[in-house]
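Structural overview for review
Given next are the chains, with one letter for each unit.
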Amino acid sequence: MTRLPRLTPGELDLDQRPLYDAITGGPRAGGPQLFALTDAQGRLNGPFNAMLFAPRVGAALQELGSAIRYRTSLSDRIRELAILAVAAHWDSAFERYAHEPIGRAAGLTDAEIAAVNAGTAPELSDPAEAAALELVRVLVARGDADDAVFDRAVSLNGIEAVVELTTLVGYYVTLALQLRVFRVGTPGDSA
């Protein structure tokens, strides 16, 4: 059971409403909807509801997430492999629920998704993808990367992508922690 009430749009105060509108009207709401941002009553799903309870921090956090999802140099496949690797490490049901369909739309196969979910390295034909995923997996496991892993990720993806990947890991770890602490499940299993 969730530890936070799920706020309907009519319950939002003047600080919460702009954040709600940024989440529901921003880039996450554009294009094909592969997971529901809100339920039938307009309540935010996943980590977004928690952001409403600290709207100044929530606004910065949702903006960082938007930048990671829509304004990086990362390919869609690398981004989704990385998100799913963080979700697997933290056993984050909501992030798997949200990002498995996005990953499939980005071209990930069911076998690749299953391997990442199991904590193993999928067979990737692109060395840049493999190096990026290896970096993410060591970051979530150890909080650091040795020189060989770091150098391989930089040589195959560039330093900009490595900075973006480390930021992505930090952001999705933050979401996984909040989802866990506030007992947020997937739509349909939380009140």
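Note that the structure is a prediction, hence the values are computed from the model and not measured. (Residues numbered from 1 in each chain as written. Predicted model: local features only at pLDDT ≥ 70, side-chain atom pairs only at ≥ 80, totals over all residues. Heavy atoms only, no water.)

1. Notes on the overall build of the protein chain
Our working rule: Each helix corresponds to a stretch of at least 4 residues labelled H or I by DSSP, and each strand to a stretch of at least 2 residues labelled E; elements are numbered beginning at the N terminus. Using C-alpha atoms as the atom set, the radius of gyration is obtained and then compared with a globule rule of 2.2 Å times the number of residues to the power 0.38. Residue burial is assigned from relative accessible area. The probe radius is 1.4 Å, only protein chains are included, and a residue is buried under 20% of its type maximum, exposed over 50%, and partly exposed in between. For this analysis, residues touch if any pair of their heavy atoms sits within 4.5 Å. As used throughout, the charge tally considers Lys and Arg to be positive and Asp and Glu to be negative, leaving His and the chain termini uncounted. In this description, the location of a charge corresponds to atom NZ of lysine, CZ of arginine, CG of aspartate or CD of glutamate.
Helices and strands together make up the secondary structure of the protein chain, namely nine helices and zero strands. From first element to last, N terminus to C terminus, the protein chain shows the α and β order α-α-α-α-α-α-α-α-α. Relative to the 2.2 N^0.38 estimate, which gives 16 Å for 191 residues, the radius of gyration of the protein chain is 17 Å and therefore close to what a compact globule would have. In the protein chain, buried positions account for 46% of the 191 residues. Contacts spanning at least 24 positions in sequence make up 70% of the contacts within the protein chain whose residues lie at least 6 apart. Taken as two groups, the 17 positive and 24 negative side-chain charges of the protein chain have centres that lie 6 Å from each other.

2. A short note on the environment of Pro-27
Secondary-structure assignment places Pro-27 in the loop between α1 (16-25) and α2 (48-51). Judged by relative accessible area, which is 37%, Pro-27 ranks as partly exposed. Placed 50 residues apart in sequence, Pro-27 and Arg-77 show a C-alpha to C-alpha distance of 18 Å. Not counting the four nearest positions on each side in its chain, Pro-27 is found in contact with Ser-66 and Tyr-70.

3. Some details on the environment of Ala-85
Relative to the helices and strands, Ala-85 resides in helix α4 (residues 76-90). For Ala-85, a relative accessible area of 6% gives the class buried. Once the C-alpha coordinates of Ala-85 and Val-140 are considered, the two residues, 55 residues apart in sequence, prove to be 8.2 Å apart. Apart from residues lying up to four places away in sequence, Ala-85 is in contact with Val-116, Leu-133, Val-136 and Arg-137.

4. As for the side chain of Gln-62
You can see Gln-62 is positioned in helix α3 (residues 55-70). Apart from residues no more than four positions distant in its own chain, Gln-62 is found in contact with Leu-19, Ala-22, Ile-23, Arg-28 and Met-51.

5. Here's the deal with the packing of aromatic side chains
Filter applied, for reference: Side-chain rings of Phe, Tyr and Trp (the six-membered ring for Trp) are treated as a pair once their centres are within 6.5 Å; stacked means planes under 30 degrees apart, edge-to-face means over 60, and tilted covers the remaining angles.
For the structure shown, the criterion picks out four aromatic pairs. On the basis of an interplanar angle of 70° and a centroid distance of 6.5 Å, the ring pair of Phe-35 and Tyr-97 is categorised as edge-to-face. Highlighted residues: Phe-35 in the loop between α1 and α2 and Tyr-97 in helix α5 (residues 93-105), separated in sequence by 62 residues. Residue classification places Phe-35 among the buried residues on the basis of a relative accessible area of 11%. In textbook terms, an aromatic cluster arises when at least three aromatic residues are bridged by ring pairs, as seen for Phe-35, Phe-94 and Tyr-97.

6. Thoughts on the nonpolar core
In plain terms, the rule: Side-chain atoms within 4.5 Å are what join buried Ala, Val, Leu, Ile, Met, Phe, Trp, Tyr and Cys residues into a set we call a nonpolar core.
Judged by nonpolar contacts, the single largest core of 47 residues is most densely connected at Met-51, Leu-135, Leu-165 and Tyr-172. When residues of this core are assigned to their parent elements, the largest contribution, nine residues, is made by helix α9 (residues 159-181). Those residues in contact with Leu-135 that sit more than four places away from it in its chain are Ala-145, Val-149, Ala-153, Val-162 and Leu-165.

7. Remarks on unusual backbone geometry
For residues besides glycine, phi is generally negative; the peptide bonds are generally trans as well. Phi at Asp-91 takes a positive value of approximately 50°, unusual for a residue other than glycine. Its location among the elements puts Asp-91 in the loop between α4 and α5. We classify Asp-91 as exposed; its relative accessible area is 55%. Within the chain, Arg-183 stands out as a residue other than glycine whose phi angle is a positive 55°. By the element assignment, Arg-183 lies in the segment after α9.

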